[in-house]
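Each chain, written out:
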Amino acid sequence: MDLETLKQKMDEAHYIYDETLITVLYVALRLNRPLLIEGAAGVGKTEIAKVMAAALDRELVRLQCYEGLDESKSLYEWNYQKQLLSIQVNMGRRDEDELTRSLFSDEYLLERPLLRSIRSPEPVVLLIDEIDKSDEEFEAFLLELLSDMQVSIPEIGTVKATSIPFVVLTSNRARPISDALRRRCAYLYIEYPDMDKELAILRARLPHVDDRLAVQVVSAVQKFRSSEAILKKPSVAETLDWAQALDALGVRELTPEILRGTVGFVLKNNEDIDLIDEILNGECDGAECTGDHEDCGHSHEHHHHHG
Amino acid sequence: MRTAVTPTSTIITMADTEVYLEKLSLFGRILRQEGLDITPNETADAVRILLEVGFDDRTVVKTALRTVYAKSRDEQLRFDRIFDSFFLSEDAIRALDKKHTQQELSHAQALEQAQQELRGETESLFYNEAQREAYASLSEEERQRLQNMKDRFMGPDSRNPELYANMIHSVFARSLMEQQMMMEDAALGNPYAIDPEIGLLFRDISQFEDSEIPKAVYYIQDIAKRINGELTQRRKHSGRTSALDFRRTIRRGLETGGSFYRLAYRRRRARRKQLVVLCDVSGSMVQFSEFVLRFIQSLNQASDSSRVFLFSEELREADAFHLQNMDLFRDYVRRSGVYGRGTDLGAALKKLNEEKPPVFSPATMLLIVSDAKTVNMSGAVQELLRARSRAGRVFWLNPIPERKWKYLNSVQTMAELCTMISCSTLQELAAACRRLAFT
C-alpha cells in the first residue's frame, strides 16, 4: 500500500487527517513498527486504531490496560476449573500421561487479546489502550512480545506469530513509558485539533447538525480549551456529544443561558463549570469583541461559510 | 556544552538523493550528540522509508524521519530543531549566515565595551572570559546600575579605594554569577515550554504563577492516586505469588465436595513505616512544603502513620486534623506563628531530638523538606547527625535544582549526611515521593 492508497482508505473511513498523521501511519505500517500515540485525553488516539482497522480491512483486537493487568488477563490463562472437572470425569478412564497432556491443549487455553492477535490467521490491528495505566512489569513483558513477535508458554513452548498485527499503543502520559519500549515504536504525538479541524470533524460526524450551531459549539470548546484555568480540557468526543445533545434539544442558537444549562456535556468538573462566566466574559469584554464570539450573547451580524 | 550545528557545513537540496542518504549518517550522529538515542537499526529504517516516500517533499521527509528517530514529545521538539538547522534550503543558509555575521559583530562590540568598562575599575579586580561575557549580556539598565554604583564609590574623589574595592567586587561578582546561571539555564533550554500540557510538570516549582497552583494540585492528586494504585497492586501481587494457604484451600474445597476449585494464597502482612516530616515553612519554602505535604497526605500508606512538624526559627507539630484540608494550609501555617521567619534547622532538630516520648525509632523515616539555607550551620550538622543515629533513615527533599548544588556549601554539606533528592519540578517531586512510598 502506498501513501496515496492509504489516504484514499482514510477518506473512505470518513476520517479527518492531516499530512503529518498520514505520513506517520504510513511509516509505521511500512516498517512494521508498533505505533505509540501520546497526547491529552480525548484527542482521538484510540480512534486512530479503529480507523486503521477499517482502512486496512482488519479485525480490531483491543486490550484495555489498567493497574494490575498481568499476563493471565492479557495473554492467556488455563481454564483451571475446566481442567479440574476433566480430571474428575476422566479419572481412571484414560491413560494418566495422555490425560495430563490433554489438559494443556488448546481446549483448555483461554486466549486473551495479545495471544489472539498473534495467532490469528489473518493479520489484525492490535490496540493496546492506555499503556501508561499498566504496571512496569507488564511493559517489560510487552517488550518481549513486540520485539520478537513470539511468546513462551511453559506448558506448550514458544508460540510464534502466524501473522504480524499492526500494533497501536496509546498513552495519556500519566507515567513515563520506558525508553526500551519507546525505542521499538514509531511515535506520534497528537494535539487538540484547531478550530478548522474540529469543525471539519464535527461536520463529518454529525452532518445533520446546523452549521451555525456547529461553529458556535466548536468556538466555545476552543475557548474553554485555551483557558489556563480549566483543569479538565474538553475532548473531541465531548464536543460531538454536546453538539448532538443541543441538536436533539432543537437548539439552533447557543445563547449564554443554553450554554450554562448544557455545559455539563463538555466540562466535567464543578470548579471548571463555575469558571465559564469568567472565561466567556473575559473574552468578550471591551473592544476586542469583533463578532467572532458567537456564544457571548452579544448581538452581531454573523456571516458563516456553509461548507 | 553541546556542539552547535554549523549550518554552512550542509548545503543539501532535496533533489540530491545520494547526498541525502550519505548525510543521514552524519545527521544521526548529530542527533546522538543532542541526546537522542539513535541505533543503527533506526538509521537503516530511516533509509528504507526515505527510499519509499521519496525526497521531493521536505515536510514528508521530516515527518518520516521524526517518526523513526524521535520517541517522545521532548525528542520530537529537539528533532525538529536539529532537522531545521541541518537540512536547510540555500536561501535559509544565506539569511542565517548574514544574521550570524551581524550577531558576531555586535557580540564582539559588546565584549569590547564590557572590557573597557571593567578595565578602568581597579587593578586588583580580575575578570575572566566567562565573566566578561556575562557582563556583556547584562541589560543596559543593569550595566548602568553597576557602573553608577562603582562611580559613586570609586570616583575621582574616592575616599578609600582599598576599602570599597572588595565591596564593589562582591556586588559585581554576584550580578555576574546570577547572569551566568541565567545564561546556563537558557542554554539548557526548556523544551517543554511550548507544550503547556507537560510544561507544569517539568518547570521549576519556584517559578509557578499563582494561577497555576490549582492545576499543579490537580496533577499532584492524580499522581498520588496512581502511586496508591501501584502500592495496592504490589500488595495484592505479593499476596498472590506467596505460598499456597493449605488450610484455607482445604476449607474452601469442602464447599465443592473436596475438589480444590478455588485456591487460597497466604497474604503477607504489610510492615508499617513511621514517617516524620520536618517541613521548612520560612517565606520562600511554604509553597514547596505545601506540595510535599499534599503528596504525603494523598498517599494512603503514609498519611495515617506520619507526624508532621513545621519549622522556621522554631518548631511546631502540625495538627493532623488541620492537614486534612490542604487548601487551608497557608492560613494554618500563618496562624501557627512559625511562618515567614528565618530558618534555624539546628534548633528545630534539637527540639525534635529531645522530644519526650522520643519521636525517632529505628522504624522511623525522617523526611526533611528544606532548601538547606539555615543559620548556625554547625549546630544543624550536629543535630542532623544525632537524628540520623536515632531514626532508621533520613531523606531530604530539596527544591533547589541539583546543578546549582555545587555553588551552595550548606547543600553540599547536608547532602553528604543524608540521602538528598533534588525536587525542583513536580515531576522530580513525584518521582521522589514514589521512591519514598516504595522504600
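Residues numbered from 1 in each chain as written. Chains lettered and ligands numbered in written order. Predicted model: local features only at pLDDT ≥ 70, side-chain atom pairs only at ≥ 80, totals over all residues. Heavy atoms only, no water.

Observations concerning helix H4 (residues 73-86) of chain B
Residues three or four positions apart in an α-helix share a direction because the helix packs 3.6 residues into each turn. Residue and element names in this part refer to chain B. Rule in force here: Starting at the N terminus, helices and strands are each numbered in turn, a helix being any DSSP run of H or I of at least four residues and a strand any DSSP run of E of at least two. Helix span, as expected, comes to 1.5 Å for every residue beyond the first. The rule is simple: take the accessible area with a 1.4 Å probe, protein chains only, and divide by the maximum for that residue type; under 20% is buried, over 50% is exposed, in between is partly exposed.
Here H4 contains 14 residues, and its C-alpha end-to-end distance of 20 Å stays within 8% of the 20 Å for a straight helix at 1.5 Å per residue. Burial of H4 is extensive: 11 of the 14 residues sit out of reach of the surface. For H4, the full list of buried residues reads Arg-73, Asp-74, Glu-75, Gln-76, Leu-77, Arg-78, Phe-79, Asp-80, Ile-82, Phe-83 and Phe-86.

With respect to the pattern of salt bridges
When the charged atoms of two side chains lie near each other, side chains of opposite charge can form a pair. All names here are of chain B. Worth spelling out the cut-off: Each reported salt bridge corresponds to a side-chain nitrogen of Lys or Arg within 4 Å of a carboxyl oxygen of Asp or Glu.
By the definition in use, this model includes 36 salt bridges over all chains. Among the ionic pairs, Asp-74 bridges to Arg-78, the shortest N-O distance being 2.7 Å. Of this pair, Asp-74 and Arg-78 both sit in helix H4, 4 residues apart, which is roughly one turn of the helix. Here Arg-262 ties to Glu-255 by a salt bridge, and the two come within 2.8 Å at their closest N and O atoms.

Notes on the state of the cysteines
Residue and element names in this part refer to chain B. Note the following rule: By definition, disulfides here are pairs of cysteine sulfur atoms that lie within 2.5 Å.
Applying the stated rule across the entire model yields 0 disulfides over all chains. Between Cys-423, a cysteine without a disulfide, and Cys-433, which holds the nearest cysteine sulfur, the sulfur-to-sulfur distance is 7.0 Å. Residue classification places Cys-423 among the buried positions, given a relative accessible area of 0%.

Here's the deal with the interface of chain B and chain A
Note on interface size: it is often stated as the accessible area lost on association of the parts. Test applied: Throughout, a residue-residue contact means that at least one pair of heavy atoms, one from each residue, lies within 4.5 Å. Two N or O atoms form a polar contact when they lie within 3.5 Å of each other; inside protein one atom must be a possible hydrogen donor and the other a possible acceptor, and for residues adjacent in sequence the pair counts only when both atoms belong to side chains. Residues are grouped as follows: Ala, Val, Leu, Ile, Met, Phe, Trp, Tyr, Cys and Pro are nonpolar; Asp, Glu, Lys and Arg are charged; all remaining types, including Gly, are polar.
Contacts between chain B and chain A engage 36 residues on the former and 34 residues on the latter. Put simply, chain B and chain A have 5 salt bridges between them. For the salt bridge of A:Arg183 with B:Glu42, the shortest nitrogen-to-oxygen distance reads 3.4 Å. Put simply, chain B and chain A have 12 residue pairs in polar contact (both at pLDDT 80 or more) between them. Taken together, the residues that form the side of chain B that touches chain A break down as 14 nonpolar, 8 polar and 14 charged.

Description of the pairing of strand S8 (residues 166-171) of chain A
Remark: a regular strand shows side chains that alternate across the two faces of the sheet. Residues and elements named next belong to chain A. Worth spelling out the cut-off: Strands are treated as partners if at least two bridges between them are detected by DSSP.
Summarising burial for S8: 6 of the 6 residues are buried, a large majority. The side-chain alternation of S8 yields two buried faces, one formed by Phe-166, Val-168 and Thr-170 and the other by Val-167, Leu-169 and Ser-171. Judged from the 4 bridges that link them, strand S1 (residues 35-39) and S8 form a sheet pairing that is parallel. Counted as the bridge partner of Leu-35 is Val-168 from S8. Two elements, strand S5 (residues 125-129) and S8, share 4 bridges in a ladder whose sense is parallel. Following the sheet pairing, Leu-126 is matched in S8 by Val-167.

With respect to the packing of aromatic side chains
As a reminder of what qualifies: For this analysis, a ring pair means two rings from Phe, Tyr or Trp (six-membered ring only for Trp) whose centres lie within 6.5 Å, classed as stacked if their planes differ by under 30 degrees, edge-to-face if by over 60, and tilted for the remaining angles. The rule is short: NZ of Lys or CZ of Arg within 6 Å of the ring centre and within 35 degrees of the ring normal puts a charge over the ring.
Scanning the model with the defined rule gives 9 aromatic pairs over all chains in all. Aromatic pair A:Tyr76 and A:Trp78: ring centres 6.1 Å apart, planes at 80 degrees, arrangement edge-to-face. There is no split in this pair, since A:Tyr76 and A:Trp78 are both buried. For the pair B:Phe79 and B:Phe83, a centre-to-centre distance of 5.8 Å together with 25 degrees between the ring planes defines the contact as stacked. A residue pair is termed a helical-turn pair when its members lie 3 or 4 positions apart in one helix, as B:Phe79 and B:Phe83 do in helix H4 at 4 residues. No difference in accessibility class separates B:Phe79 from B:Phe83, as the two residues are buried. Among the aromatic residues, those joined into a cluster by ring pairs are B:Phe27, B:Tyr69, B:Phe79, B:Phe83 and B:Phe86. Between A:Lys82 and the ring centre of A:Tyr108, over which it is positioned, the NZ or CZ distance is 5.6 Å.

Function cannot be inferred from these measures alone, as they are strictly geometric.
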